[in-house]
Amino acid sequence: MTDVELMKRMLRAVLAANKSGPGVSLSRLQSEYKALTGEQIPHKQMGHASLDTLLHSIPSVVHMERNRTGEMVCFASVSSETAHVAKLVARQRTSKTTGRPQMVNCQMRVKPAAPLILNGRVCVCVCVGGVPTNFKENAVSGKPKPHHYPKDYNPSPGGNYNPQQVQGRIREVLNKYSNGFWVSKLPQLYRELYKQDLPSEAIKDLEHWTHICTVEKPCSSNPNELLLYPSKPPTTPSTTTMSPLPLTPPLSSPRPPASPSTLSPDLRQKLGELLVKYSNGLWAHGLPKLYLDTYKTKLPEHVLENLSLLSDFCTIEYPMPDNPKRAILYKRTREDNHNRRESVEERRAREEVGRRLSTQTVPPLLIPREEYPSVLVGEAANTNGVILRYIGEGYSQAQEALEDKMREFYCCQDNNTRTRDKKSGTPLASLTSGQLAAVRTEEDEEILRAQVTEVMADKVKVYYVDHGFSEVISKAKVFELHEKFFNLPFQATKCQLAGLEPFCQEPAVLKKFESMASGKILLAEILERGQTPLVVLYDTSQDDDVNINAACIKALQDKTLASPLQVNSAYMNVAVRSVCSDGTFYCQLPSRGLAKLTEILEKAEAYFHSQGTSEFLVSRPFCGKGCLARYKGKWSRVEITNLHGSRVLDILFIDLGVQASVEVIELREVPPPFLWDLIAIPPQAVKCCLADLTVSGVGSWTPDAVQWFRDAVLNSTDCSVKIDKLDETKRSVAYVYLFPDKNFQDPARSLNRQMACSICNYMVQTLSKSVSAAGHNMDIYVSVACHPGHFVVQPWRDMYKLVVLMEEMILYYNKTEEKPLKGEKNQIYAAKVENNWHRVLVKGVLTNGLVSVYELDYGKHELVSGTQLRPLIQEFRLLPFQGITAQLAGVKLRQWSEEASILFRNHVEKKPLVAQLEAVQDAHHPWDRKLTVFLVDTSQEEKDVWVHDIMAEFVDELTKEV
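Residues numbered from 1 in each chain as written. Predicted model: local features only at pLDDT ≥ 70, side-chain atom pairs only at ≥ 80, totals over all residues. Heavy atoms only, no water.

With an unreviewed UniProt entry as reference, the protein chain is termed Tudor domain-containing protein 7B, source organism Oncorhynchus mykiss. Per UniProt, the protein chain has the following entry under Subcellular location (unreviewed entry): "Cytoplasm". (UniProt positions renumbered as here; feature names shortened; annotations may be inferred.)

This is how it looks when you write it as structure tokens:
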């Protein structure tokens, strides 16, 4: 079965197995697929830039539609082969979600400070054979940069600590930021407002100043982060307020206790709802836990003490007469209750209550306290008012529970007929704009909360307050909203996208936002917690996190001003601006955009000289924000890439490819006269790799090689490049031939050729050094063992590199449809052995089409079909061949018997050991080189086992027997 067919089958299984309702949301599809298969849908390996394009290319497997909330949902395409499966799944579906909860986009990915990056993969070294490898952590230290303060800044004089003054100032700060903020931000806010440092003692005293503030430790990935809020005002029992829903389910606020002889209407309603779910009865002693799990609040104690309070709406049975506390509760059916006709007076009273309730207010929606909540993004007429809904407990989950209760309350149905409760199912007689109501949707499937926005002759326009969209429906579908459905805040809210304020209604921005964000579940980084929060949105469903705000800004770029990139084209007067440690480099090509950029930045320089720059200080930095910073004495465009607290951040000079860490006071906003012009110019730094010298998945260049490269071309403006190919999947990387001057006609003069020779020499030197000193110990793995006179070892320290290399070879050769080639003796190729691709040396070509090959990394001899040979490209030649031939030291060379060979293999083959080098037999080719080593098994705690001692004892025993 091909990879594509396997993917299709797995995808069908995911879509068919979904029991949470018809279809799987696009934002959840990758996690569902990974839960089933252990890996994500490999859309890039199948030639598609995004998951969307892959799904659209296989309509026989999946089709996509937008649901009522605007979210894209994937459905299994039903064929004659899968129709019976779809019917079975449909029977299994329930109205409520079951199974394990899905954590969607719940946390930002943490990028390690210095990971081992291998062709875009982060490698993790694992233990093989039960023997761990010791790794030492390298501590990197550096001197901090001096802090530059504004001219009017004065430190706290003499270090005097005045608690009363600090308390007053903190109260002023909290009044300004009433929604709270991180404690780590307090020193910066204090310094900005009062031009003094916040005394360190004050941070320690915050928890004790309960009359000033409230310190709270949130559930976050950083245990040291604390939240600071204004102190909560004391409440009196006589004051009744509607509290917004909490983020986490603590016990509800204390209420005046109901009289022991009665039940409150709210408690009565909740108990009735619980008993409906247990038609076969519910033990009374299980009621408190069930009530707490369902409503997140304790059941009043007097209920169990006096079960007769429940007798008017449930039946109570005592199966154990000698134990009155053991009772079973049954909810009475409609037939059990007294059913009578509603009087005119009751109907008028009910309508009056309905009118009163329909204009009742609901509690405000609180912004989640976590820094990166998940949100479902809706539509946006402009980026200053994007509709979204928060995902999680207390938000989307509470909304789903409420809508389930509304469906049950307003729609009573059996298998064949639908009957409506007269009190809950009667349409409203009169409607007014602004009125709240319960609305049956056009599909007649859901009952949702809505607000009337326009009343027409026989129809009405309503806005669904929990979903954020409007609809025109029949008046017959609008009902009274019961008072118990007012407790949950409206879930549809608005946010403002940071950095897009001047471009909030630009068609290109809104089009990009619609394609990248609408209907998707994303992460929202909350920068300001106001009535309309200021946020940055991230899509974390792909391999790399995508900053939606930054992507919308880039939609305004004029592509005609981008650097020209055409395959087989040559460019002179190229400036190399940055060389990275992995061998990639950034250069500037002559272009119309570069000329315009230079002109605008010169004008901005003059503008800053005339106006001053202090008023353009960046007050609120965030990832993806574009601004200006100094580079070699001139202002240049930068993008913020990471923040380290409130003072230090990482930036990328987007026109130079240079990364740096600076203080926030070193950044400046782009002056308004130049904003639109600078936004329109795409980044002028082109990311390049040397063609035929691709940075492989087995490691970075050596420091010496990088330094040689930098010395040769860095900051030279007279280079030439010839573009060999473009790789759009790796963020538009250009593979080029680089020349140090304008002469690009002679390929031998390219830096590519010079670097290739340097790397080959380095590989030979590295391999020689790794086995070069007698008495040197090294960790090895014995891949093949014939007898003590011939076995093959692999250096343990590079085994993970070999694993990654073979993964890269599988990805490359399995999707490359090159014609088979004719293998030649003593030449190196890539060969497919079973299901893996190996680096091999051809030892002989047989007449029957088979080829005898030697696996250069494992030391095995194999016979393969000649059709399984492929050229071994330069990228896969950088890692030295890992299979090294060896013989055992400490024993005499002899013709080893079968028994001795078996004994030797049992002790060493497929095992990690320590090899102590005795001698090296050098050769021209690395695969002909041979080592003489002692082998030591260090896996036993009591002692080390020297293999040559075992073999010597065995030979002695045989000699005695003879």
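J.: Would you mind showing me how to read the layout of surface pockets here?
T.: If a probe the size of a water molecule is rolled over the atoms, the empty space left behind becomes visible. Its boundaries defined by the atoms lining it, the second largest pocket holds a volume of some 550 Å³. Forming the boundary of the second largest pocket are 24 residues, of which Arg577, Thr598, Lys634, Ser636 and Leu656 lie nearest the centre. Of all the secondary structure elements, the ones that give two or more residues to the lining of the second largest pocket are strand S25 (570–579), helix H15 (592–611) and strand S28 (634–644). Looking at the lining of the second largest pocket residue by residue, the class counts come to 11 nonpolar, 6 polar and 7 charged. (1 Å grid on protein atoms, 1.4 Å probe; cavity = no way out; pocket = protein on both sides within 12 Å on 5 of 7 lines; lining within 4 Å. Points joined across faces, edges and corners; volume = space filled by probe spheres on them. Helix = DSSP H or I, 4+ residues; strand = E, 2+ residues; numbered from the N terminus. Nonpolar A, V, L, I, M, F, W, Y, C, P; charged D, E, K, R; others polar.)

J.: Help me understand the sheet that holds strand S2 (residues 62–66), please; the structure alone is not making it clear to me.
T.: Strand-to-strand pairing in sheets goes through backbone hydrogen bonds, with the strands running parallel or antiparallel. One open sheet accounts for 3 strands, arranged S1-S3-S2; its pairing is antiparallel. Two strands lie at the open edges of the sheet, namely strand S1 (24–25) and S2, each paired on one side alone. Sheet topology note: the S1/strand S3 (residues 72–76) ladder contains 2 bridges and is antiparallel. Note that in S3 the partner of valine 24 across the bridge is cysteine 74. (Pairing = 2+ DSSP bridges.)

J.: Mind showing me how you'd approach the nonpolar core here?
T.: Considering soluble globular proteins, one finds that nonpolar side chains tend to be buried as a cluster. Counting residues in each nonpolar core, the largest one holds 40 residues, and the members touching the most others are Val377, Leu497, Phe513, Leu537 and Ile548. Sorting elements by how many residues they give to this core places H15 first, with 5 residues. Dropping the residues within four chain positions of it, valine 377 is found in contact with Val386, Ile387, Leu388, Phe513, Ala517, Ser518, Gly519, Lys520, Leu522 and Leu537. Residues Val782, Phe791, Ala900 and Val955 belong to the second largest nonpolar core, which totals 24 residues. (Core = buried A, V, L, I, M, F, W, Y, C linked by side-chain atoms within 4.5 Å. Buried < 20%, exposed > 50% of the residue type's maximum accessible area, 1.4 Å probe, protein only. Contact = heavy atoms within 4.5 Å.)

J.: What am I meant to see in the packing of aromatic side chains here?
T.: Geometry of an aromatic ring pair is reported as the spacing of the ring centres plus the angle between the planes. Counted according to the given criterion, the structure contains 22 aromatic pairs. Arranged with centres 4.7 Å apart and planes meeting at 80°, the rings of phenylalanine 503 and tryptophan 676 form a pair that is edge-to-face. Taken together, the residues phenylalanine 503 in the loop between strand S21 (493–497) and helix H13 (507–516) and tryptophan 676 in helix H16 (residues 672–680) connect sequence positions 173 residues apart. The interplanar angle of 90° and the centroid separation of 5.4 Å between the aromatic rings of phenylalanine 585 and phenylalanine 709 together place this pair among those described as edge-to-face. One end of the pair, phenylalanine 585, is in strand S26 (residues 585–588); the other, phenylalanine 709, is in helix H17 (residues 703–713), and 124 residues separate them in sequence. Classification of phenylalanine 709 by relative accessible area gives buried; the value is 0%. Three or more aromatic residues joined by ring pairs make a cluster, and in this case those are Tyr607, Phe608, Phe616, Trp635 and Phe674. Over the face of the ring belonging to tyrosine 735 we find lysine 725, whose NZ or CZ atom lies 4.9 Å from the ring centre. When the ring centre of tryptophan 896 is taken as reference, the NZ or CZ atom of arginine 894 above it lies at 5.1 Å. (Phe/Tyr/Trp six-rings, centres within 6.5 Å; stacked < 30°, edge-to-face > 60°. Lys NZ or Arg CZ within 6 Å of the ring centre and 35° of its normal.)

J.: For this particular structure, what's the right way to read the environment of alanine 450?
T.: By the element assignment, alanine 450 lies in strand S17 (residues 447–455). On the basis of relative accessibility, which here comes to 1%, the residue alanine 450 falls in the buried class. Sequence separation between alanine 450 and alanine 438 is 12 residues, and the spatial gap between their C-alpha atoms is 6.2 Å. Apart from the residues within four sequence positions on either side, alanine 450 is in contact with Gln435, Leu436, Ala437, Val439, Val462, Tyr463, Tyr464 and Val465.

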